[in-house]
Amino acid sequence: MRSCFVLLLFTLACTPDLQGPEIVRDLRILAVQAEPPEASIDLQTGAVEQVTVRILAVDPVERDRGVSMNGALCFPTVTGGCDGVPSVAIGPPDPPDPSAATAAGAPPSWTVQVPPAIVQAAVQQDDLKGFGGVRVQFSLQVDDGDPHGPVFAEKILLFSPPGGTVNHNPRLESLELTRDGVPAGTLQAGDLLSVRVGAEVGILPRLAAGEGGAETYTAIDLQGKTVTPTEAPRYSFFTTSGGDLDVATADEPPPGIKPLEGLARFTALRRGTGTLWIVVRDGRGGVGWLEVPYLAS
């Protein structure tokens, strides 16, 4: 009898959490964006273009303590941190109060000027010595008093000599909604999503036209030939714990293909308010996102 009881406890302890990574329950960094996603560099002098780094950091639980954010610049590391390697500290974001910036609808951001010494270290650590671009790591720590402690993220800042096809960050312009495969309207940025508890809603993200959409660019393939591929955006979906998503990630459908049920299906689990986040990545370092508040009745 005792052995059965121990086995039961072991089974309960090893039961996985049924909620996937798309459910946001505490402090998370969902995305880090660099603007421009590919900045210019002069390899002769090491001078680099300024980069603005923005983050999507969210916590569904309100905290009494303030939010602190800081980071460092270094060459790319396996751990994603800058400990134990040549680095330069990055102070608080612009403005210094991240809570005020978030309340005003502006994500916390940093204006980053990479010093020549960090550029040189990144080139020396690169097997290709800067061929194909110089990569500098922006490591970030965010702490808002969450009992699980601070969270960490990193973003590779890419610097290339002038020329080539300029990359732009993708921009989510709207969401096409469906219910039972039937079109149910379009949600623009800033709109409130109204849903019924238990009723599934299909979500199809739509990118902006032109620079904010899937761009065609020039590249060199493994055989040394020049090719002109088109970006294949990939989406990540997140929601607060009052909702549920059937998938965490999905790819942009091929041109001319429109999934009847969208790329993701969202279901509100209880009455009240919550938030959806959709993050898009273009495969070349470009990142964008859309925050959607919802009301379930």
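Please refer to the structure placed before this passage.
Residues numbered from 1 in each chain as written. Predicted model: local features only at pLDDT ≥ 70, side-chain atom pairs only at ≥ 80, totals over all residues. Heavy atoms only, no water.

Here we look at the overall build of the protein chain
So, point 1. Helices and strands together make up the secondary structure of the protein chain, namely three helices and 22 strands.
So, point 2. Residue burial in the protein chain is summarised as follows: out of 297 residues, 41% are buried.
So, point 3. For the protein chain, the exposed area adds up to about 16,000 Å²; of that, 55% sits on carbon and sulfur atoms. (Helix = DSSP H or I, 4+ residues; strand = E, 2+ residues; numbered from the N terminus. Buried < 20%, exposed > 50% of the residue type's maximum accessible area, 1.4 Å probe, protein only. Areas by Shrake-Rupley, 256 points an atom, 1.4 Å probe, with all protein chains shown as cover.)

What about the pattern of salt bridges?
So, point 1. In the structure shown here, the tally under the stated rule is seven salt bridges.
So, point 2. Residue Arg-284 pairs with Glu-231 through a salt bridge whose shortest N-O separation is 2.9 Å. With Arg-284 in the loop between strand S21 (272–281) and strand S22 (287–296) and Glu-231 in the loop between strand S16 (226–227) and strand S17 (234–240), the pair connects residues that are 53 residues apart, well separated along the chain. Of the two residues, Arg-284 and Glu-231, both sit in the buried class.
So, point 3. Through salt bridges with shared partners, one network takes in Glu-176, Arg-206 and Lys-258. (Salt bridge = Lys/Arg side-chain N within 4 Å of Asp/Glu carboxyl O.)

Looking at the sheet that holds strand S14 (residues 201–207)
So, point 1. Spatially, five strands are ordered S12-S11-S14-S20-S18 in an open sheet, and the strand pairing comes out antiparallel. Each of the sheet's edge strands pairs with one partner strand only, and the pair in question is strand S12 (182–188) and strand S18 (243–245). Taken over all neighbouring pairs, the strand axes of this sheet differ in orientation by 30° on average, direction set aside.
So, point 2. By the bridge criterion, six bridges tie strand S11 (residues 172–179) to S14 in an arrangement that is antiparallel. The residue of S14 that forms the bridge with Thr-178 is Gly-202. (Pairing = 2+ DSSP bridges. Axes fitted to C-alpha atoms, helices over the stretch in contact; angles between N-to-C directions.)

Some remarks on the sheet that holds strand S8 (residues 109–112)
Pairing between the strands of a sheet is mediated by backbone hydrogen bonds and can be parallel or antiparallel.
So, point 1. Pairing is antiparallel across the open sheet formed by three strands, whose spatial order is S2-S5-S8. The strands lining the two open edges of the sheet, one partner per strand, are strand S2 (28–35) and S8. Each strand of the sheet is rotated relative to its neighbour by a mean of 20°, with strand direction disregarded.
So, point 2. Bridge count for S2 against strand S5 (residues 51–58) is seven bridges, and the pairing is antiparallel. Its bridge partner being in S5, Ala-34 is matched across the sheet by Val-53.

Focus on the side chain of Lys-155
So, point 1. On the secondary structure map, Lys-155 appears in strand S10 (residues 151–160).
So, point 2. Among buried charged residues, Lys-155 stands out as having no salt bridge; its nearest opposite-charge side chain is Asp-282, 7.5 Å away.
So, point 3. In contact with Lys-155, not counting residues within four places along its chain, are Val-32, Ala-34, Val-136, Gln-137, Phe-138, Gly-285 and Val-287. (Lys, Arg positive; Asp, Glu negative; His and termini not counted. Contact = heavy atoms within 4.5 Å.)

Here we look at the packing of aromatic side chains
So, point 1. Taken as a whole and assessed by the stated rule, the structure comprises three aromatic pairs.
So, point 2. A cation over a ring is seen here: Arg-284 above Tyr-217, with NZ or CZ 4.1 Å from the ring centre. (Phe/Tyr/Trp six-rings, centres within 6.5 Å; stacked < 30°, edge-to-face > 60°. Lys NZ or Arg CZ within 6 Å of the ring centre and 35° of its normal.)

So, the state of the cysteines
So, point 1. A full pass over the atoms with the stated rule returns one disulfide.
So, point 2. One disulfide bridge connects Cys-74 with Cys-82, the sulfur atoms lying 2.2 Å from each other. In this structure the cystine formed by Cys-74 and Cys-82 twists about its S-S bond by roughly -75°; its chirality is therefore left-handed. (Disulfide = S-S within 2.5 Å.)

Remarks on the environment of Val-151
So, point 1. Secondary-structure assignment places Val-151 in strand S10.
So, point 2. Sequence-wise, Val-151 and Leu-140 are eleven residues apart; in three dimensions their C-alpha atoms are separated by 8.3 Å.
So, point 3. Those residues in contact with Val-151 that sit more than four places away from it in its chain are Leu-27, Ile-29, Leu-140, Gln-141 and Val-142.

Some points on helix H3 (residues 116–125)
Quick reminder: α-helices carry 3.6 residues per turn. Residues three or four places apart thus point the same way.
So, point 1. Regarding H3, the residues found buried are Ile-118, Val-119, Ala-121, Ala-122 and Val-123.
So, point 2. Lining the buried residues of H3 we find strand S3 (38–42), strand S4 (47–48), strand S6 (68–74), strand S7 (88–90) and strand S9 (134–143).

Some remarks on a negative patch on the surface
So, point 1. A cluster of acidic residues, Asp-180, Glu-200, Asp-244 and Glu-261, forms a negative patch at the surface.
So, point 2. With respect to the secondary-structure elements, Asp-244 resides in strand S18. (Patch = residues over 30% accessible without salt bridge, like charges linked within 9 Å, V, L, I, M, F, W, Y side chains within 5 Å. Charge placed at Lys NZ, Arg CZ, Asp CG, Glu CD.)

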